[in-house]
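Chain by chain, the residues run as shown.
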Amino acid sequence: MSKSSKIILGLDPGFADTGWGVILKDGAGIKFVDTGSIQTSKKIPFSERLEIIYKEVDKLIKKHKPDIIAVEKLFFAKNVKTALDVGQARGVLLLAIIKNKKEFLEFTPLQIKQAVCANGHADKRQVGLMVKTILKLKAVPKPDDAADALATAITASFFNKKLV
């Protein structure tokens, strides 16, 4: 890893499943580091689910020591309750980032799809396939939220002048 190398953590907020992905930007190249998801059960109280998300994101930041974190912005038009719950999960993500004194960028789903697929209306399958191609992976990352988080990190690597 060179001095100019930067670690980027991408986060796709959710209260049932928060996707995360870590990439390494080294000059013009991007390399896959790790990915996964933070899953919480609907059988436990919502407040406890938020606490789990906070603690797991805090652990990810401490483990991977990202130079920058990219977070997907919310864009919901259908279900207001889901939007509010995801908004609360997103809030605890941001709190973990701020508590760790990390810089973060935010991207809308449209921006991410345009950056990764050159099509702002790409579906989840297309995003996953492009993530697989860009990062030279053998398979599309699973679950979809992990692929979305990697797409968010890739977007940050393309558009943040501090990472060039």
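(A) Expanded view of the nonpolar core. Leu11 and Val57 are the most contacted members of the largest nonpolar core, which has 22 residues in total. Only β1 (6-12), β2 (17-26), α1 (46-64), β4 (68-72) and α2 (80-99) provide two or more residues apiece to this core. No other element matches α2, which puts seven residues into this core. The contact partners of leucine 11, leaving out residues within four places of it in the chain, are Gly19, Trp20, Val57, Ile69, Ala70, Val71, Glu72, Leu93, Ile97, Ala149 and Thr152.

(B) Region of interest: the environment of histidine 64. Position of histidine 64 relative to the elements: it lies in helix α1. With 30 residues separating them in the primary sequence, histidine 64 and aspartate 34 have C-alpha atoms 9.2 Å apart.

(C) Representation of the sheet that holds β1 in the model. With respect to topology, five strands assemble into an open sheet ordered β3-β2-β1-β4-β5, the strand pairing being mixed. Two strands bound the open sheet, and with one partner strand each, they are β3 (29-39) and β5 (104-107). This sheet shows a mean twist of 20 degrees between the axes of neighbouring strands, independent of strand direction. Against the sheet, α1 contacts β1, β2, β3 and β4, and its axis sits at roughly 155 degrees relative to β3. The sheet contacts of helix α3 (residues 109-117) involve β4 and β5, and relative to β5 the element is tilted by about 90 degrees.

(D) Structural context of the pattern of salt bridges. Within the structure shown, the criterion is met by seven salt bridges. Where arginine 90 meets glutamate 106, a salt bridge forms, and the shortest distance between an N and an O atom there is 2.1 Å. With arginine 90 in helix α2 and glutamate 106 in strand β5, this pair connects stretches of sequence that are 16 residues apart. Taking the relative accessible area as the measure of exposure, glutamate 106 reaches 32% and is therefore partly exposed.

(E) The pairing of β2, seen in detail. The buried count for β2 comes to nine of ten residues, which makes it a mostly enclosed element. The pairing of β1 with β2 spans seven bridges and is classified as antiparallel. Residue pairing across strands places leucine 9 opposite valine 22, the latter belonging to β2. Remark: four residues form the turn of the hairpin made by β1 and β2, two consecutive strands paired antiparallel. Across ten bridges, β2 lies against β3 in antiparallel orientation. Bridge assignment links aspartate 26 to a residue of β3, and that residue is glycine 29.

(F) Broad picture of the side chain of histidine 64. Looking at histidine 64, the relative accessible area reads 11%, which means it is buried. Apart from the residues lying within four places of it in its own chain, the contact partners of histidine 64 are Ile7, Trp20, Val22, Val33 and Asp34.

Parameters at a glance
Residues numbered from 1 in each chain as written. Predicted model: local features only at pLDDT ≥ 70, side-chain atom pairs only at ≥ 80, totals over all residues. Heavy atoms only, no water. Core = buried A, V, L, I, M, F, W, Y, C linked by side-chain atoms within 4.5 Å. Buried < 20%, exposed > 50% of the residue type's maximum accessible area, 1.4 Å probe, protein only. Helix = DSSP H or I, 4+ residues; strand = E, 2+ residues; numbered from the N terminus. Contact = heavy atoms within 4.5 Å. Pairing = 2+ DSSP bridges. Axes fitted to C-alpha atoms, helices over the stretch in contact; angles between N-to-C directions. Salt bridge = Lys/Arg side-chain N within 4 Å of Asp/Glu carboxyl O.

Remember that the coordinates give geometry; whether it matters functionally is a separate question.
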